[in-house]
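Reading the structure
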Amino acid sequence: MRPTHRRLAATAAGLVLLPVALVGCGIGGDAKDEPAAKPQRAPAEEAATRSRERVQAYLDAMTAKDVAAGRSQLCALLHDGFDLGATGPNGDFADHFQVPEAAITDIRSGPLGQEVSVSVSVTAGKRTVARPLVFTVTRDGSDWCIAGEAPGGTPAAPTPTGVVPTRAS
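Since we're looking at a predicted model, the values are computed, not measured.

1. Brief notes about the state of the cysteines
Evaluated as defined, the whole model comprises one disulfide. Residue pairing for C75: its cysteine sulfur links by disulfide to C145, the two sulfurs lying 1.9 Å apart. Note on the C75 and C145 pair: the S-S dihedral is about 80°, so by sign convention the disulfide is right-handed. With C75 in the loop between α3 (67-71) and α4 (79-85) and C145 in strand β4 (residues 143-151), the pair connects residues that are 70 residues apart, well separated along the chain. Both residues of the pair, C75 and C145, count as buried.

Pasting the structure below:
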């Protein structure tokens, strides 16, 4: 090949590869083809949002006495204990307890995950008592789940049943 032909071949190859190189660098691509990236939520904001969602779903399940919906909010490690105690005499879903009102009062970061403080009104017979509880919500793989429940004022460590006895005094 003569020097002129080599120069022509190199120029032609360069012109063919130039658009590919420019698109690879982000130059020359059509911005309309790709949707604009949504700004990511800050990790703390996402943790608080997911924790609120999980605990609210659990509270709604308690109010509706929907054991399956309550179980689905818990981390997998707590499922067996929950199955044994949820509808027992002191479980969150016991038949003789009614939950007329439950509200999230605070969410904060704790040593074991997000600590979600709630106030739950429990009715047993003619008596209604408000009980503070703290749920610990953590990330389990790619999902969020409730990892523990404890009386208000103490961090929620996992319990064998996944529920803390709620007694109407």
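2. A short note on helix α2 (residues 43-64)
Taking 1.5 Å as the rise per residue, α2 with 22 residues should run 32 Å; its terminal C-alpha atoms sit 31 Å apart, in good agreement. Inspection of α2 places A47, S51, R54, V55, Y58, L59, A61 and M62 among the buried residues, and these make up the whole buried set. One side of α2 holds all its buried residues, which, seen down the axis, span an arc of 160°. Structurally, α2 contributes buried residues whose contacts are with α3, α4, β1 (98-110), β2 (113-124), β3 (127-140) and β4. Backbone geometry just after α2 places K65 at a positive phi near 60°.

Calculation criteria
- One numbering rule holds for all chains: residues counted from 1, following each sequence as written.
- Totals for whole chains, interfaces and linings use all residues, but because this is a predicted model, local features are given only for residues with pLDDT of at least 70 and pairs of side-chain atoms are given and counted only at 80 or more.
- Just so you know, side-chain values use all the structure's heavy atoms and leave hydrogens and water out.
- To count as a disulfide, a pair of cysteine sulfur atoms needs to be within 2.5 Å.
- Each helix corresponds to a stretch of at least 4 residues labelled H or I by DSSP, and each strand to a stretch of at least 2 residues labelled E; elements are numbered beginning at the N terminus.
- The rule is simple: take the accessible area with a 1.4 Å probe, protein chains only, and divide by the maximum for that residue type; under 20% is buried, over 50% is exposed, in between is partly exposed.
- Helix span, as expected, comes to 1.5 Å for every residue beyond the first.
- Of all possible arcs, the one meant is that of the directions from the helix axis to the C-beta atoms.
- Only heavy atoms matter for contacts: two residues are in contact if any of them lie within 4.5 Å across the pair.

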